[in-house]
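Per-entry structural report
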Amino acid sequence: MARSPISDFRASAPRTLAPLLDGATQRLTPWLLPLGIVLGWQAASSAGLVSTRFMPAPLDVIAAGWQLGRTGELWANLWVSTLRALAGFAVGGGIGFALGLANGLSRASDRLTDTTVQMVRNVPHLSLIPLVILWFGIGEEAKLFLVALGVFFPVYANTLHGIRSVDPQLVEMGRVYGLSSFSLFTRVVLPGALPSIFVGLRYALGIMWLTLIVAETISASSGLGYMAMQAREFMLVDVVVLAIVIYAGLGKLADVLTRWLERTCLAWNPAYRTV
Amino acid sequence: MIATALRAHDAAAPEIAPVRKPTDRPAKGPVPRARTPEAAAMGGLAVTVRDLSKSFDGNTVITGLDLHIPAGQFVAVVGRSGCGKSTLLRLILGLEQPSAGRVVLESDAVRPAPKRIMFQEPRLLPWAKVVDNVAVGLGESGTRAERRARAQSALAEVGLSDKSANWPATLSGGQRQRVALARALVSRPGLLALDEPLGALDALTRIDMQAMIEGIWRAQGFTALLVTHDVAEAVAMADRILVVENGHIAFDVKVEVPRPRRRGDPDLAALEGRILDHLLQNHAPA
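The notes below deal with the structure included here.

1. A word on the packing of aromatic side chains
Scanning the entire structure with this criterion turns up seven aromatic pairs over all chains. Seen from their ring centres, Phe152(A) and Phe153(A) are 4.9 Å apart, and the 85° between their planes marks the pair as edge-to-face. As far as burial versus exposure is concerned, Phe152(A) and Phe153(A) are alike and both buried. Aromatic pair Phe74(B) and Trp217(B): ring centres 5.2 Å apart, planes at 80°, arrangement edge-to-face. Here the residue Phe74(B) occupies a position in strand S3 (residues 74-78), and Trp217(B) occupies one in helix H7 (residues 203-220), the gap between them amounting to 143 residues. Using a relative accessible area of 0% as the deciding quantity, one classes Phe74(B) as buried.

Shown next as structure tokens:
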């Protein structure tokens, strides 16, 4: 009783330097491979093994990034793309989450909508691009619609699955112990569904960028995809590669964010505890 | 603590008629409806079951069962698996609706105490700290701080106050079941149903838990209903043992051995033998 849980935790935390060094090595290990590839690529370019007309050297890509960053073009495009991505994610993810909850909690809602959703789900949403251009032109609505549609399905399916797979024994326990429907939802059902909802979130973030880049590549007048398409027209290979590298970075960023969210929200689950 | 526990028990003792006459054979038949005022004041619930039947999809599990359990009594229900003992417990708790007949829970207290169940599995919320899991037993009553304080003292009763900030995943099986016990007890129930709660524990932990449950029951005076397939456990803990067979009570016997009971007591062993004989002979292999 006298010892607080926090002091317990500190007492068991490592205090020597060796584990810290271990930690640093572990943090750096995942970056060895990408770094090696870039170095090898640069070496190959410098040695003239790779034609810079088709594949620019990493240093050229960095130079292009520097150039575009100084003029502000890069940041403007990045900002526009990010806004589009987030807006589409909020709309599609929000609707998917709400419908997933509704169908997970209500048989009637499920019977009414699930079949329809499952049918539409199997249509590749990018195949709607021609139709979307006809409907919305190349304005913001087109991109928002496509991203929202792409994000909707993984969020919906995983939310629904999460709620369905909540341990019925725990739900029964909650009922017997007199929890109100609201408490039962916030204390038993939602936390139980959370691991699955996070899986949906991860998928959705991937699809969000994919959809946006494709949409911007085909029809846009700003954004990262547009920047890459413009560069292709002028044979600026370094800018094209720069755009691709930025996509990789954004993907990694989204992954880091979800991991952090998972570690914070799912700290109770041994599978998600920090290694 | 122990002194009050013993006093509470002695006060409740008269209904467990002649306690100190081991020569008396356990009585069969209806139990007198006497209810001790002390037990009632502590909120123990009396259970009356009348002509209860339950069937699932045409399979009759309970047939015309009559039963009265006075407030504060510790009743063990034993029987072979599939005999309907768990269903009986779930019917009394209101987890299942009877096909016919009725279950009445009565209390003399002004505010009837709740009924609680401890399951075979701990059924702790893995995403809630131990103390918050115990607080689930309080439902929505009181502020969060009050609930936590009461949960903390219930944890102390089961000897786990130092684990209150742990995740359930970090506890051993026995500790988890103790947290589940604290959760069941935190609201001061009038009826505690135990659905084979110790079945998954190792032998030594089980004996510790039996002593703990018995001690808390003696201190608090709730009505206890223990479903078990372990006859030795039933004999060691209960005031009265019901043997359920084919959906009705085949055997209703009082355990007239004074507490605290010693393991290996010859009277207990004899009673255990009788009940086991009964269970075995009435179930000749087909």
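And the narrative resumes.
2. Describing the sheet that holds strand S2 (residues 59-69) of chain B
Residue and element names in this part refer to chain B. Reading across the sheet, the three strands line up as S2-S1-S4 and stay open at both edges, with antiparallel pairing between neighbours. On the outer flanks of this sheet lie S2 and strand S4 (100-106), each paired with one strand and no other. The sheet shows a mean angle of 15° between the axes of neighbouring strands, direction not considered. As judged from the seven bridges shared by strand S1 (residues 46-56) and S2, these two strands associate in the antiparallel manner. Across the sheet, residue Val-49 finds its bridge partner in S2, namely Leu-67. The strands touched by helix H3 (residues 85-93) are S1, S2 and S4; relative to S1, the strand with the most contacts, the crossing angle is about 120°.

3. A short note on the pattern of salt bridges
All names here are of chain A. If you walk through the whole model with that rule in mind, you get 20 salt bridges over all chains. Two residues, Asp-110 and Arg-107, come together in a salt bridge whose shortest N-O distance is 3.9 Å. Within this pair, Asp-110 and its partner Arg-107 are both found in helix H5 (residues 107-121), separated by three residues, close to a single helical turn. By relative accessible area, Asp-110 is classed as buried at 11%. Given a relative accessible area of 57%, Arg-107 falls into the exposed group. Across the salt bridge formed by Asp-255 and Arg-202, the nearest N and O atoms sit 2.8 Å from each other.

Calculation notes
- Residues numbered from 1 in each chain as written.
- Chains lettered and ligands numbered in written order.
- Predicted model: local features only at pLDDT ≥ 70, side-chain atom pairs only at ≥ 80, totals over all residues.
- Heavy atoms only, no water.
- Phe/Tyr/Trp six-rings, centres within 6.5 Å; stacked < 30°, edge-to-face > 60°.
- Buried < 20%, exposed > 50% of the residue type's maximum accessible area, 1.4 Å probe, protein only.
- Helix = DSSP H or I, 4+ residues; strand = E, 2+ residues; numbered from the N terminus.
- Pairing = 2+ DSSP bridges.
- Axes fitted to C-alpha atoms, helices over the stretch in contact; angles between N-to-C directions.
- Contact = heavy atoms within 4.5 Å.
- Salt bridge = Lys/Arg side-chain N within 4 Å of Asp/Glu carboxyl O.

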